[in-house]
Every structure is written in structure tokens, then in C-alpha cells.
Amino acid sequence: MNWIRRGNAHVLGHKVPHDGAVMAFDIVLSRTTDPETLIPHLFAELDPTLKDRIQPGDIIVAGRNFLSGKAHNAGIIAMKALGLSIVCESMPVRAFQGVVALAVPALVECPDITAFVKDGDEIEVDFLQGVVRRVATNESRHVTGVAPAVRSMVENGGMRGLLEDHLRRHPELATPSA
């Protein structure tokens, strides 16, 4: 996995909820997990033009309490399918669990990042070292990097990948006992 990513920043505000902003509520209720079905609805409720500007590999920059509300994963599934990363000031723990479980690289302790990065800036993010750099000006901010345990889960493909890896190393656990 490449922990240094470069892409265009799409800056969102504070308290952006998953349901009704990142993903339309009716899509969440449909319980679909098919990325191709979800992608056209990503951010459509928040900004109908955003989905047309997002390119694979771009970076979502958000303020405090990104992905607030219920811990649904439809938006995270769509972001993962597009190869997006997240840099935000803060995120609720249940949302962070979903991001890690689905192996989306994220920095979630980035104070005032929305004041530093402007919408459309090309940025480079070193997720392990916790460095966010604006490419045009070479200015950077240092924040808390990805913790080693989170790194391991994301590198294994999230919770499912971590479990599969564990079962490969411990085949005796793969078959339920009678």
C-alpha cells in the first residue's frame, strides 16, 4: 500500500453527516454495498457538482465531526472504490471504525486543516508521518500519523483482510468445532 498520496483536495465543512450528505438517505436505507451503484450518489446531497469533480485518488479534506450520525458504510464503500483518502479535523469513533474496517487511508486528528487546505489544492499526504503538504507552495502541516495497529489493519485490506490473514496463519481456527 502506498502511504504517500497526492491528489486534488475537496474541502468540506464541519459536521458533515454520512446519511443525507455523504450518501443520500434513501440509498443508505436500500442497504446496497455495490460500489458501482453507490458511486453516483457520493456527496450528491451535499454538493451535486462534487461527484463530477472527484477523480480517483483525490483526497477528501473535512472539518470536525466528519461522517457524523449513524455508522453506515455506504459512503465509505464508494470512497474506497474511487481510491479516495480522508484528512479531517475529527471523526466519531464509529465512523473511524468503518473507515479502518474498509481500509480507507485516513488522518483524523488534523486541527484547522480546513483553514490550511483550500478546495482544489493539489496536496500530498504522508499518512504514516502525518504530513499534509500543499504542492504549489510547498507549505506543510504536521499532524498525528496513522497508528501502527491501524496501519496493519489497512494494509491487510481492513477487518476482513485482517481476519483472513489471521485464519491463514491459524488454520485450526478456520473450521468450527463440533
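Refer to the structure presented above.
Scoring rules and cut-offs
Residues numbered from 1 in each chain as written. Predicted model: local features only at pLDDT ≥ 70, side-chain atom pairs only at ≥ 80, totals over all residues. Heavy atoms only, no water. Buried < 20%, exposed > 50% of the residue type's maximum accessible area, 1.4 Å probe, protein only. Helix = DSSP H or I, 4+ residues; strand = E, 2+ residues; numbered from the N terminus. Pairing = 2+ DSSP bridges. Right-handed = clockwise from strand over helix to strand, strands pointing away. Arc of directions from axis to C-beta. Contact = heavy atoms within 4.5 Å. Salt bridge = Lys/Arg side-chain N within 4 Å of Asp/Glu carboxyl O.

Enquirer: Hey, could you run me through the pairing of strand β3 (residues 85-88) in this one?
Expert: Every regular strand shows the same layout, with side chains that alternate between the two sheet faces. A two-sided burial pattern is seen for β3, the buried positions comprising Ser85 and Val87 on one face and Ile86 and Cys88 on the other. Sheet topology places strand β2 (residues 59-62) next to β3; four bridges connect them, and they run parallel. Of the residues in β3, the one forming a bridge with Ala62 is Cys88. Note that the unit made of β2, helix α4 (residues 74-81) and β3 has a crossover that is right-handed. Looking at chain direction, β3 and strand β4 (residues 106-107) are connected through two bridges and run parallel. Residue pairing for β4: Val87 is matched across the bridge by Leu107. For the crossover that starts at β3, traverses helix α5 (residues 93-101) and ends in the parallel β4, the hand is right-handed.

Enquirer: What am I meant to see in helix α7 (residues 148-155) here?
Expert: Taken together, the buried positions of α7 are occupied by Val150, Met153 and Val154. Around the axis of α7, the buried residues are gathered within 95 degrees of arc, so they sit on the same side. For α7, the elements touching its buried residues are α5 and α8 (159-169). One or two steps after α7, the chain reaches Gly157, where phi turns positive at roughly 90 degrees.

Enquirer: Whenever I open this one, the pairing of strand β6 (residues 131-134) confuses me. Can you help?
Expert: Here β6 shows a buried face lined by Val131 and Arg133 and a second buried face lined by Val132 and Arg134. Judged from the four bridges that link them, strand β5 (residues 122-126) and β6 form a sheet pairing that is antiparallel. Residue Glu124 lies in a different strand from β6, and its bridge partner there is Arg133. Here β6 runs beside strand β7 (residues 140-142); their pairing, made up of three bridges, is antiparallel. In the sheet register, Arg133 faces β7, and the bridge partner there is Ser140. What sits between the antiparallel neighbours β6 and β7 is a turn of five residues, in which Asn138 has the positive phi angle 65 degrees.

Enquirer: So what exactly am I meant to see when it comes to the pattern of salt bridges here?
Expert: It is possible for side chains of opposite charge to pair when their charged atoms get near one another. Per the stated rule, a full pass over the model turns up eight salt bridges. Of the charged contacts in the structure, one is a salt bridge between Glu139 and Arg134, with a shortest N-O distance of 2.2 Å. Among the residues examined, Glu139 registers a relative accessible area of 36% and is labelled partly exposed. Through salt bridges that share partners, Asp165, Arg168 and Arg169 make up one connected network.

The analysis is restricted to geometry; functional conclusions fall outside its scope.
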